[in-house]
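# Structural description and commentary
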Amino acid sequence: MPPSTRIPPLLQPSINLPRDDSLLLLTSTLGASANWLIIRFLCNALSDSSTRDGGEEGPNVVLVSWMREYEFWKQEARKGAGLDLERLRREGSFAFVDGLSGTGSEAIGNGIIGNEGKRAQVAGLKDARTPPISLTRAPPTLPVRGPPGRVVPARGPPAPATPAQRDPTASSVVVEPASANQSVPGHYTLKTLELAHLKTTISSAVSSLTTSTPKRRTLIVLDNPDLLLALDPTITPSAFTSLILSLHTLPTVSHVLTHLQSDTPLLSLSTPPQPLEIAHHNLLVQCAHMSRRILGVRVLDTGVARDVSGVVRVTEQKVDWLELGFENEGKEVEESGKGREFLYQIKGDGSVRVFDRGAGGDG
Amino acid sequence: MSRVLNIRTNASPFTLILDDLNQRAIPLIGELVRRALSRNVNVVVVSFEATRFHPAVRNVSAYGDQSGDQILQDIRKAMDDAKESLVIVDSLYELSNTNNVDVGALLNLVAMEFASTLVGIYHQDMVPSQDAQNEYAPQPLELFKYTATTVITCKSFAHVLATKAAKQRSLAEPTHGLLQGAEGIVQCLDANDHRGIVLEAEFRRKSGRPESETYFLRTARQSDYHMPISGLPFGTLKQEFVTLLDQVPAYGNQEVIGLINAEANDIESTFNLGLTDKQKQAREGVVLPYFDAQKGEGGEGGRILYDMGAEDDFDEEEDEI
């Protein structure tokens, strides 16, 4: 099926990557997951039938996911966008970096290890990395993990509530052992939570793609990196944003799409503010400041509706450092200067209907 | 304001720009940079949040693992061969929080040694981290405000209009974006108004006397500038187009405010209580029974007179006309 039918026409301008290199931000809440939107981005970038204005090919994609495993994305992409990620990966235009199963594979593999086990796991990782420092630092940091402890059980294990509603198979997928994936090209697994390791892994993923097709640019999609903040309190938001920027400076990378959670409990500060709240808030705000376009997905303000899954809001910041531009004379500015909001509904077969407020009918 | 915008020497050695997600400072910065470049001033950007720049701008990328001293050295190197420079820091929060660069040292370097201008942006919606060690030290933002010779707060034009309308009706001022309290909203719809941005500026004279004024900076157009001389990326400014906010037609105009008021006056309900033209016509066309009764011999004894419309479904068993 051609991509135009997969991507709702109203969203097409928002999903098309901006012409110049830039950063994008995607936010979602627990009730309204943004996986479908990421899939649409993948679809727009990877579908080979897309002929762009410049006759240019679509970019390569590196998907880094901390929340879901490859199987989930493969199925979602096939169902929602008609993409065969397996084939694309073999062709060298798609790479997947698994952020979750490698770092916590034992804890998840054993299945029923609770929160304490997870903590011990994280602490163990830190110990292995820098034994003398972390030993001395462990006691003061443990109480600091109060908020992560609250958050991790909801987000840490594979397949939280949201995908299970739409994709029951995802929850039953067994996470493969990390070692089995090593031989597959285009599939990488993160083994520690360290940012340096993350950076080298992503860079090697990016470079492996570009060698196969030299001319194409690369889009990096970071799915839920905010999990890192919760798992390792030593990672600061600014360290993470500088990581995003240094990924953006890799020669072939043109766009970086970051997906963060924007749930109120994570953003609005309680008194006294918890460290994780501050970190998450700052990460989101800073990413938003850096990004050219912000797409926010949330549930309907007025409550649950049968025929509306949620609201997607697109706001854009036109001026940036690259152009220092003047106002383009003409209509283009007029229509895209303001943010827009649409309602969307995800159907059972993975397709998405996007419509203006009040134009829904009873589809 | 014009002096600050045009980077006149000694106008303001340290300008602090406060912005948030609802109105980013970048249109103002763009204006500053354009004017600086048009006067052949060396522009140095210390960047924490961007990677791609206009070719005429010198960039010191400060993200990553550089230490504070290293950044200062890079800035010095970038300014070394120029007579006059404009140094822009795109996130003072980052500069002070993660790299521990002392703003005093930076200001000393830029303003004293090179007699240049320092412009710093601080995002107001960033939350300063809590530190048990120096809990009683002033927050960095307070320090910046104290040091700055000009403080400019950026606001979205649409929000300023909404605030004004609320004030005229003695209502609470509306909140936007993250403050709105709705789950999942990061940026509000009319953030970064493309018409221009509102600048609340406070200038501090040498004598210590502060002067506050509110300005409106509309989006720049190509026609505001002369043709660039060869070798320079931007031409010089033809005529100043920063105005006082009160002089902006859309702000003083009663019509705009009236529109906002009218919107607020509408009854809030889930039903649409208005009538379309077609509905109005149909309503006027209805002949009420008493009109018929006044005619001639006094009607036909209480029959209901009704003309079937196109949308009526005639049922033989129930309807008789």
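Residues numbered from 1 in each chain as written. Chains lettered and ligands numbered in written order. Predicted model: local features only at pLDDT ≥ 70, side-chain atom pairs only at ≥ 80, totals over all residues. Heavy atoms only, no water.

For chain B, an unreviewed UniProt entry supplies the name Elongator complex protein 5 and the organism Cucurbitaria berberidis CBS 394.84. The annotation that UniProt attaches to chain B under Pathway (unreviewed entry) is "tRNA modification; 5-methoxycarbonylmethyl-2-thiouridine-tRNA biosynthesis." For chain B, the Sequence similarities (unreviewed entry) comment in UniProt is given as "Belongs to the ELP5 family." (UniProt positions renumbered as here; feature names shortened; annotations may be inferred.)

For chain A, an unreviewed UniProt entry supplies the name Elongator complex protein 6 and the organism Cucurbitaria berberidis CBS 394.84. The UniProt entry for chain A carries the following text under Pathway (unreviewed entry): "tRNA modification; 5-methoxycarbonylmethyl-2-thiouridine-tRNA biosynthesis."

Moving on, we come to the overall build of chain B. Secondary structure assignment for chain B yields 11 helices and 9 strands. Per-residue burial over chain B gives 44% buried out of 321 residues. Considering only residue pairs separated by 6 or more positions, chain B has 68% of its internal contacts joining residues 24 or more positions apart. Of the roughly 18300 Å² that chain B leaves accessible, carbon and sulfur atoms contribute 49%. (Helix = DSSP H or I, 4+ residues; strand = E, 2+ residues; numbered from the N terminus. Buried < 20%, exposed > 50% of the residue type's maximum accessible area, 1.4 Å probe, protein only. Contact = heavy atoms within 4.5 Å. Areas by Shrake-Rupley, 256 points an atom, 1.4 Å probe, with all protein chains shown as cover.)

What follows deals with the nonpolar core. Proteins that are soluble and globular tend to have nonpolar side chains buried together. All names here are of chain A. Of all hydrophobic cores here, the largest spans 46 residues; its most connected members are Val-62, Val-64, Leu-198, Ile-220, Leu-222 and Phe-240. Among the elements that take part in this core, helix α17 (residues 275-290) stands out by supplying 7 residues, more than any other. The contact partners of Val-64, leaving out residues within four places of it in the chain, are Val-97, Leu-198, Ile-202, Ile-220, Val-221, Leu-222 and Asp-223. One finds Ala-34, Cys-43, Leu-46 and Val-352 within the second-largest nonpolar core, a separate group that totals 41 residues. (Core = buried A, V, L, I, M, F, W, Y, C linked by side-chain atoms within 4.5 Å.)

Across the contact, 48 residues belong to chain B and 50 residues belong to chain A. The contact between chain B and chain A buries some 4600 Å² in all, and 63% of this surface belongs to carbon and sulfur atoms. Across the chain B-chain A interface, the total number found is 0 salt bridges. Applying the counting rule to chain B against chain A returns 8 residue pairs in polar contact (both at pLDDT 80 or more). Of all the secondary structure elements, the ones that give two or more residues to the side of chain B that touches chain A are α2 (26-38) and α4 (92-97) of chain B. In terms of residues, the side of chain B that touches chain A owes the most to one element, α2 of chain B, which gives 5 residues. Looking at the side of chain B that touches chain A, its residues break down into 23 nonpolar, 14 polar and 11 charged. (Buried area = accessible area lost by both parts, 1.4 Å probe. Salt bridge = Lys/Arg side-chain N within 4 Å of Asp/Glu carboxyl O. Polar contact = N/O pair within 3.5 Å; in protein donor to acceptor, adjacent residues only side chain to side chain. Nonpolar A, V, L, I, M, F, W, Y, C, P; charged D, E, K, R; others polar.)

The subject of this paragraph is α2 of chain B. With 13 residues, α2 of chain B extends 18 Å from end C-alpha to end C-alpha; this agrees with the ideal 18 Å at 1.5 Å per step. Looking at the residues trailing α2 of chain B, positive phi occurs at Asn-40 of chain B, about 65 degrees. (Expected span 1.5 Å × (residues − 1).)

Here the focus is the sheet that holds strand β6 (residues 150-156) of chain B. In a beta sheet, neighbouring strands are held together by backbone hydrogen bonds and run either parallel or antiparallel to one another. Residues and elements named next belong to chain B. A sheet is described by the order of its strands in space; here 9 strands give the open sequence β3-β2-β4-β5-β1-β6-β7-β8-β9, paired in mixed fashion. Taken across any chain shown, the strands that pair with only one partner, and hence form the sheet edges, are β3 (58-61) and β9 (242-244). Across the sheet, the axes of successive neighbouring strands diverge by a mean angle of 25 degrees, strand direction being ignored. One ladder, built from 4 bridges, connects strand β2 (residues 42-47) with β3; its direction is parallel. Paired with Ser-47 across the two strands is Ser-61, which belongs to β3. (Pairing = 2+ DSSP bridges. Axes fitted to C-alpha atoms, helices over the stretch in contact; angles between N-to-C directions.)

A cluster of acidic residues, Asp-313, Asp-315, Glu-316 and Glu-317 of chain B, forms a negative patch on the protein surface. Here Asp-315 of chain B is to be found in the segment after α11 (289-293). (Patch = residues over 30% accessible without salt bridge, like charges linked within 9 Å, V, L, I, M, F, W, Y side chains within 5 Å. Lys, Arg positive; Asp, Glu negative; His and termini not counted. Charge placed at Lys NZ, Arg CZ, Asp CG, Glu CD.)

Turning to the environment of Ala-205 of chain A, a few remarks are in order. Residues and elements named next belong to chain A. Assignment of secondary structure puts Ala-205 in helix α13 (residues 195-212). Since its relative accessible area comes to 0%, Ala-205 is described here as buried. Not counting the four nearest positions on each side in its chain, Ala-205 is found in contact with Val-62, Ala-95, Val-97 and Tyr-188.

Helix packing for two helices is described by the angle between their axes and how far apart those axes are. All names here are of chain B. Where helix α3 (residues 68-79) contacts helix α5 (residues 103-113), the two axes come as close as 11 Å, and the packing angle between them is 10 degrees. Between α3 and α5, the crossing angle belongs to the class labelled roughly parallel. Remark: the crossing between α3 and α5 carries right-handed chirality. Side by side, α3 and α5 meet where Leu-72, Ile-75, Arg-76 and Met-79 of the first sit next to Ala-105, Leu-106, Leu-109, Val-110 and Glu-113 of the second. Among the residues forming the contact of α3 with α5, the class breakdown is 7 nonpolar, no polar and 2 charged. (Parallel < 35°, antiparallel > 145°, perpendicular 65-115°, else oblique. Left-handed = near helix turned anticlockwise from the far one by under 90°.)

Here the focus is the sheet that holds strand β3 (residues 94-98) of chain A. All names here are of chain A. Here we have 10 strands laid out as an open sheet, ordered β4-β3-β2-β5-β6-β1-β7-β8-β9-β10, and mixed in their pairing. This sheet does not close on itself; its edge strands, each paired only once, are β4 (187-189) and β10 (352-355). Each strand of the sheet is rotated relative to its neighbour by a mean of 20 degrees, with strand direction disregarded. Relative to strand β9 (residues 340-346), strand β8 (residues 310-316) runs antiparallel, the two sharing 5 bridges. Each residue of the ladder has a partner; that of Val-314, found in β9, is Arg-340.

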